[in-house]
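Structure assessment
Next come the chains, spelled out residue by residue.
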Amino acid sequence: MSEINQDYIEKLFVNYAKINTRSNDRSQTVPTTPGQVELAKQVAADLKQLGVDEVKFDESNGYVTATLPSNSDKPITALGFIAHLDTADFSADYVKPQIHPDYDGQDIVLNEAKHIVLKVSEFPNLKKFVGQCLITTDGTTLLGADDKAGVAALFGTLAYLLQNPTIEHGPIRVAFGPDEEIGRGAKRFDAKNFGTNFAYTLDNGQPGQLEYETFNASEASIEVEGTAVHPGDAYGLMVNAVTIANEIVSSLPKDEVPEKSRNHDGFILVNHFCGTVAHASLNLIIRDFDTPRFHQKETLLKAIVNKINERFKEPRVTLKLTEQYQNIGDEIRKNPYIVNLALDAYRSIGLKPDIQPFRGGTDGNAITAKGIPTPNLFNGGDNFHGPYEFVTTEAMALTAKTIVAIAQEHVRQFGHHNKQKL
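In what follows, the accompanying structure is described. Given the structure is predicted, the values throughout are model-derived calculations rather than measurements.

This brings us to the overall build of the protein chain. Counting its regular elements, the protein chain contains nine helices and 16 strands. The C-alpha radius of gyration of the protein chain comes to 24 Å, within 12% of the 22 Å expected for a compact globule of 422 residues. When the backbone C-alpha atoms are referred to their principal axes, the protein chain occupies close to 85 × 55 × 40 Å. Taken across its 422 residues, the protein chain has 54% of its residues classed as buried.

We now examine helix H9 (residues 393-413). The end-to-end C-alpha distance of H9 is 30 Å, a good match for the 30 Å that 21 residues give at a rise of 1.5 Å each. Taken across its 21 residues, H9 has 16 buried, putting it largely inside the fold.

Tallying each qualifying case throughout the model produces 12 aromatic pairs. With 4.5 Å between their ring centres and 40° between their planes, Phe215 and Phe289 make a pair best called tilted. Taken as a pair, Phe215 in the loop between strand E10 (209-210) and strand E11 (216-225) and Phe289 in the loop between strand E13 (279-288) and helix H5 (291-309) lie far apart in primary sequence, 74 residues in all. As far as the burial class goes, Phe215 and Phe289 line up, both buried. An aromatic cluster is built from Phe81, Phe198, Tyr200 and Tyr337, whose rings are joined through pairwise contacts.

Before going further, it helps to spend a moment on unusual backbone geometry. Residues Val30 and Pro31 are joined by a peptide bond in cis, for which omega reads -10°. Of note, Pro31 is situated in the loop between helix H1 (6-17) and helix H2 (34-50). Cis geometry is adopted by the peptide bond preceding Asp147, which originates at Asp146 and carries an omega value of 10°. Position of Asp147 among the secondary structure elements: in helix H3 (residues 145-163).

Take the pairing of strand E3 (residues 79-84) next. Across the six residues of E3, six count as buried, placing the element largely inside the fold. Side chains Leu79, Phe81 and Ala83 of E3 all project onto a buried face; the interleaved residues Gly80, Ile82 and His84 project onto the opposite face, where all are buried too. As paired elements, E3 and strand E8 (residues 172-177) share six bridges and run parallel to each other. Residue Phe81 lies in a different strand from E8, and its bridge partner there is Val174. In terms of strand pairing, E3 meets strand E9 (residues 199-201) through three bridges, oriented parallel. Following the sheet pairing, Gly80 is matched in E9 by Ala199.

Taking 1.5 Å per residue as the helical rise, H3 with its 19 residues ought to reach 27 Å, and the 25 Å between its terminal C-alpha atoms agrees with that figure. The buried fraction of H3 is high, at 17 of 19 residues.

Turning to the pattern of salt bridges, a few remarks are in order. For the coordinates displayed, the defined rule picks out 14 salt bridges. Residues Arg347 and Asp344 are paired through a salt bridge, measuring 3.3 Å at the closest nitrogen-oxygen approach. Note that Arg347 and Asp344 are positioned in helix H7 (residues 337-348) at a spacing of three residues, about one turn of the helix. The partly exposed category is assigned to Asp344, whose relative accessible area is 21%. Here the salt bridges share partners, and the residues they tie into one network are Glu256, Asp288, Arg293 and Lys297.

It is worth spelling out the sheet that holds strand E12 (residues 267-275) at this point. The antiparallel open sheet is built from four strands, whose spatial order is E12-E13-E11-E14. Both outer strands of the open sheet, E12 and strand E14 (317-325), are each paired with one neighbouring strand and no more. Taking the axes of each pair of neighbouring strands and ignoring which way they run, one obtains an average angle of 15° across the sheet. The pairing of E12 with E13 spans eight bridges and is antiparallel. Note that in E13 the partner of Val270 across the bridge is Leu284. Seen against the sheet, H5 touches E11, E12, E13 and E14 and runs at an angle of roughly 160° to E13.

Before going further, it helps to spend a moment on the environment of Ser27. With respect to the helices and strands, the residue Ser27 is situated in the loop between H1 and H2. Judged by relative accessible area, Ser27 falls into the buried class, the value being 12%. Setting aside anything within four residues of it in sequence, one finds Ser27 in contact with Thr32 and Arg184. Separated by 2.9 Å, the side chain of Ser27 and the backbone oxygen of Thr32 make a polar contact.

Conventions and cut-offs
- Residues numbered from 1 in each chain as written.
- Predicted model: local features only at pLDDT ≥ 70, side-chain atom pairs only at ≥ 80, totals over all residues.
- Heavy atoms only, no water.
- Helix = DSSP H or I, 4+ residues; strand = E, 2+ residues; numbered from the N terminus.
- Rg over C-alpha atoms; globule rule 2.2 N^0.38 Å.
- Buried < 20%, exposed > 50% of the residue type's maximum accessible area, 1.4 Å probe, protein only.
- Expected span 1.5 Å × (residues − 1).
- Phe/Tyr/Trp six-rings, centres within 6.5 Å; stacked < 30°, edge-to-face > 60°.
- Pairing = 2+ DSSP bridges.
- Salt bridge = Lys/Arg side-chain N within 4 Å of Asp/Glu carboxyl O.
- Axes fitted to C-alpha atoms, helices over the stretch in contact; angles between N-to-C directions.
- Contact = heavy atoms within 4.5 Å.
- Polar contact = N/O pair within 3.5 Å; in protein donor to acceptor, adjacent residues only side chain to side chain.

Below, the structure written as structure tokens:
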């Protein structure tokens, strides 16, 4: 039986990385940038060339979907795997992937002219990849391993299963979507027609990681109206919007901030603050894994605003809370098979499971909310969203191997779902 085709995965990744798919939260098009359309069409063409079925590029939502049909005579339910096409808000013009075969564990000069060096002292994770084929940037752009490593790995899985038809598997549905980095893409995902009871995203993470918990998340927009008068005549008249905004910030829990939070800790982040005497604006984000604690944070913010408004004849402060996403763990815990299947697959190929809380959100949040519980696996990359981003060919191939193992484990366990608690 053949091995995962690493050359195929590497070639695809390098080609995809060169396409600028940076998403744009100021754009109202779908997808938000033309490069994502270019890559989506290329992915659709490559899927057709590979020989999978039902390849479709839905221009209304920006998703490319396809199916690898079951080769089993058992009525096995479909598995879903999802990767995103866009990259983060960092320079992505003229990405020039640099390939370093048989990495020796030393510092790498990414750009000699600009004195940009990928240093082991700053990024000690590099030591884990000695002997592997390391792919980096030239130091002037991001690489796009988030999430083109997931895209390429998923192609590696499909190619391997097509080349090895004796490996039994059920239906496998794949989707490649836009605008994950700005939280829009998955909100348009066509869950009804995807045809799976659960799925996995292939986003950030090292081999062996599994994330089935994310933050609950809200955004708070606060506007403060002051009264501006000449400071020499201000007694009893001036209402300083900046002073009120400072009071709001000072009333927040001082230790529940990102710089003091880790693991399952939540926080409130003052993301933006600007103001004059006449008007001030605040933008905050609220995050917590624990749903009751999350709502307590929202309630606290409302109470702070209400207490300030009570001092004035007319309200001076307006608060708008917008829910961004919910913790996927609340839904996934109802069906532990989804997580246990992945963990059993990891162990079957000698991969040590590393369960992590995902301190952010993924496409899985919106897709889970649409009725398809979707935890996150990994794509093997590192240092995402910047010029020091890297991935190895071997890590992407291991991602592909893991997906194959999940498909095989699903055949073995189908009809005998593991009901142990998470």
